[in-house]
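# Observations on chain architecture
If you want the building blocks of each chain, they are given just below.
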Amino acid sequence: MPLLDRALLGPGPSNPYPEATLALAAPLLGHLDPEFLRTLDSTCARLRRVWGTENARTLPLSGTGSIGMEAAFANFARPGDVVVVGVNGLFGERMVDVAGRYGAEVVRVDHDWGRPVDTQRLLDAHPEPSMVAAVHAETSTGVRSDIKELARAVHARDQRALVLADCVTSLGGIEVDIDSWGVDIAYSGTQKCLGVAPGLAPFTVSERAWDRRVQRPPTWYLDLNLIGAYVDGSSGGRTYHHTAPVAMIASLDAALGRILDEGLEAVHERHHAAGRLLHEGLVDLGLELFAAEGHRLPELTTVRVPEGVDSAKVRQVLLTEYGIEIGAGVGAFASSVWRIGLMGHNARPDRVALVLGALRAVLGR
Ligand code: PLP
């Protein structure tokens, strides 16, 4: 399986979950071939299970995770709408940028990087927002924010506000339960815990949000009214919208099938167990974890670069001598934090042992 993010560990010698990669090598089908359309239906059905939703409008958008973000704001935020965004890292900042480009009146609520977004602060930011948005798993800092609590609190106060969650680094890694949490709109990406090449953005939207969609969003490609007519085969006829990336969808379908075969709970537990092991091992090495305790992601660990250590040099040695890729920090933490991914097939104890052993050797501890 290819590894596709700087925050991910290298593939190592054995990958027990090759389904997504093997699917990429299968003979290509046409995008209107009935067999491909069955795969598309299967992908949407499997996505519903992994998202924890019965939302009819659950589909893979053609594009990377950011296109999910674009689609969310383009289709559900009108010019002048108040959108409250919790910002605790790079991807919250990106939400602010994207929402603003679609004309929303963005109320930005900044938090220290390394801390989760604070529900009460988001509530206090505006009395009647049309949308409240936050990143579930902030990949830039390794922090999990409590989207379940946020959605409950927002809906308890105001039945009108929609809740939008970025689940790019959480879907298929840690618990995401769209319907029981009351999330209205969510998007993800394929290259993180789902373990697929980058290129699709799993997307889901509730009926409540759908009723409030923008009728003619200022984008043709991401207009969900048009895309839905192609993806949704339930009414019989499908209308061509764009040529679906058939190989990517087949790959995603295979990966989702594998995840569901393993069992969602087992997959989450595997990520949690690997994360715990890594966190403990890093502390045993005398390193300091960056993300606030109690809010650390198992699939993306941030650790402070020790005083006097050249961050880039260590990363380079890990890459060239051990075949392990860890990420640099982001923004102000570019050279003072490392990011270690344990996503998808890398969420395993042998991967943890590998990275801990290599770090011990390179740091001379
Ligand atoms: N949101 C989060 C939390 C991410 O980690 C990323 C990418 O790393 C994105 C959004 C953007 O996704 P992409 O780079 O696939 O467009």
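Quick caveat: nothing in here was measured; it's all calculated off a predicted structure.

## Points about the domain arrangement of the chain
Segmentation of the chain into domains returns domain 1 (18-261) and domain 2 (264-363). Put simply, the middle of domain 1 and the middle of domain 2, counted by C-alpha atoms, are 27 Å apart. The interface is formed by 26 residues belonging to domain 1 together with 22 residues belonging to domain 2. In total, domain 1 and domain 2 occlude about 2,000 Å² of area from one another, counting both sides; carbon and sulfur atoms represent 63% of this. Interface area lost by domain 1 to domain 2 is led by Trp-113, Gly-142 and Ile-174, which between them contribute 22%. For the pair domain 1 and domain 2, the number of links is zero salt bridges. Of all the elements, helix 10 (residues 246-262) adds the most residues to the side of domain 1 that touches domain 2, at three residues.

## Focus on the nonpolar core
Formed by 83 residues in total, the largest nonpolar core has its most connected members in Phe-73, Phe-76, Ile-185 and Phe-203. When residues of this core are assigned to their parent elements, the largest contribution, eight residues, is made by helix 10. Each residue touching Phe-76, except ones within four places of it in the same chain, is listed here: Ala-71, Asp-81, Met-131, Leu-162, Ile-185, Phe-203, Val-205, Ala-209, Trp-210, Arg-213, Val-214 and Leu-224. Within the second largest apolar cluster, 22 residues are counted, among which are Leu-278, Val-314, Ile-340 and Ala-358.

## Considering the site of the ligand
Neighbouring residues of the ligand: 13 residues in total, closest Thr-64, Ser-66, Thr-139, Asp-166 and Gln-191. Within the backbone of Gly-65, an N or O atom sits 2.9 Å from an oxygen atom of the ligand. Thr-139 places a polar side-chain atom, nitrogen or oxygen, 2.4 Å from an oxygen atom of the ligand. The protein chains hide 89% of the 390 Å² of surface that the ligand would expose on its own. Looking at the shell around the ligand, the elements with two or more residues in it are helix 3 (65-76) and helix 4 (90-101). Split by residue class, the shell around the ligand holds four nonpolar, six polar and three charged.

## Let's talk about the confidence of the model for the chain
In low-pLDDT segments, the atomic positions of the prediction should not be examined closely. Across the chain, pLDDT averages 93, with 95% of residues at or above 70. Considering only residues more than four positions removed or in separate chains, one finds that residues 1-13, a stretch of pLDDT under 50, has 51 contacts.

## So, the UniProt feature "modified residue: N6-(pyridoxal phosphate)lysine" (unreviewed entry) in the chain
In the numbering adopted here, UniProt assigns the feature "modified residue: N6-(pyridoxal phosphate)lysine" (unreviewed entry) to Lys-192. Here Lys-192 shows up in the loop between strand 8 (185-187) and strand 9 (200-205). Residue class for Lys-192 comes out buried when judged on its relative accessible area of 8%.

## Some remarks on the packing of helix 12 (residues 311-322) against helix 13 (residues 349-363)
Packing of helix 12 against helix 13 brings their axes to within 10 Å, and their N-to-C directions diverge by 120°. For the element pair helix 12 / helix 13, the angle class is oblique. Regarding helix 12 and helix 13, the two cross each other, and that crossing is right-handed. Counting all contacts with helix 12, which are made through Val-314, Val-317, Leu-318 and Tyr-322, the residues of helix 13 involved are Ala-358, Leu-359, Ala-361, Val-362 and Leu-363.

## With respect to the environment of Asp-118
If you trace the backbone, Asp-118 turns up in the loop between strand 3 (105-110) and helix 5 (119-125). Taking C-alpha positions, Asp-118 is 9.9 Å from Val-87, a pair spaced 31 residues apart along the chain.

## Overview of the pattern of salt bridges
Under the definition given, this model contains 13 salt bridges. Ionic pairing is found between Arg-46 and Asp-253, a salt bridge with its closest N-O pair at 3.2 Å. Of this pair, Arg-46 sits in helix 2 (residues 34-51) while Asp-253 sits in helix 10, and the two are 207 residues apart along the sequence. The partly exposed category is assigned to Arg-46, whose relative accessible area is 28%. Residue classification places Asp-253 among the buried positions, given a relative accessible area of 11%. The closest approach of N and O atoms between Arg-276 and Glu-269, which form a salt bridge, is 2.9 Å.

Criteria and thresholds
- Throughout this description, residue numbers start from 1 for each chain and increase along the sequence as written.
- It should be noted that, the model being predicted, local features are given only for residues of pLDDT at least 70 and side-chain atom pairs only at 80 or more, the latter also being counted only at that level, while totals for whole chains, interfaces and linings use all residues.
- The side-chain quantities take in all heavy atoms of the structure and omit both hydrogens and water.
- Where each domain starts and ends follows an automatic or database-derived domain assignment.
- Only heavy atoms matter for contacts: two residues are in contact if any of them lie within 4.5 Å across the pair.
- Buried area: the accessible area, evaluated with a 1.4 Å probe, that two parts lose upon being put together, summed over both parts.
- Between Lys or Arg on one side and Asp or Glu on the other, a salt bridge is scored when a side-chain nitrogen of the former is within 4 Å of a carboxyl oxygen of the latter.
- We count a stretch as a helix when DSSP gives it H or I for four or more residues in a row; a strand needs E for two or more, and each element gets its number in order from the N terminus.
- As used here, the term nonpolar core means buried Ala, Val, Leu, Ile, Met, Phe, Trp, Tyr and Cys residues forming a set that is joined through side-chain atoms within 4.5 Å.
- Remark: exposure states derive from per-residue accessible area (1.4 Å probe, protein chains only) relative to the maximum for the residue type, with buried under 20%, exposed over 50%, and partly exposed in between.
- In this text, near means that some heavy atom of the residue lies within 4 Å of the molecule or strand in question.
- The definition of a polar contact used here is a pair of N or O atoms within 3.5 Å, where within protein one atom must be able to donate a hydrogen and the other to accept one, and adjacent residues in sequence count solely through side-chain atom pairs.
- Each accessible area is a Shrake-Rupley estimate made with a 1.4 Å probe; only the visible protein chains count as cover when residues are assessed.
- Any residue that is not Ala, Val, Leu, Ile, Met, Phe, Trp, Tyr, Cys, Pro, Asp, Glu, Lys or Arg is counted as polar, Gly included; the first ten are nonpolar and the last four charged.
- By definition, pLDDT measures how confident the predictor is in each residue, and it falls between 0 and 100.
- UniProt positions are given in the numbering used here, feature names are shortened, and annotations may be inferred rather than shown by experiment.
- Every axis corresponds to a line fitted to the C-alpha atoms, with the helix fit spanning only the stretch in contact, and the corresponding angles, defined between N-to-C directions, vary from 0 to 180 degrees.
- The scheme is simple: roughly parallel for angles under 35 degrees, roughly antiparallel for over 145, roughly perpendicular for 65 to 115, oblique for anything else.
- By convention the crossing between two helices is left-handed if the near helix lies anticlockwise of the far one by an angle smaller than a right angle, and right-handed if it lies clockwise.

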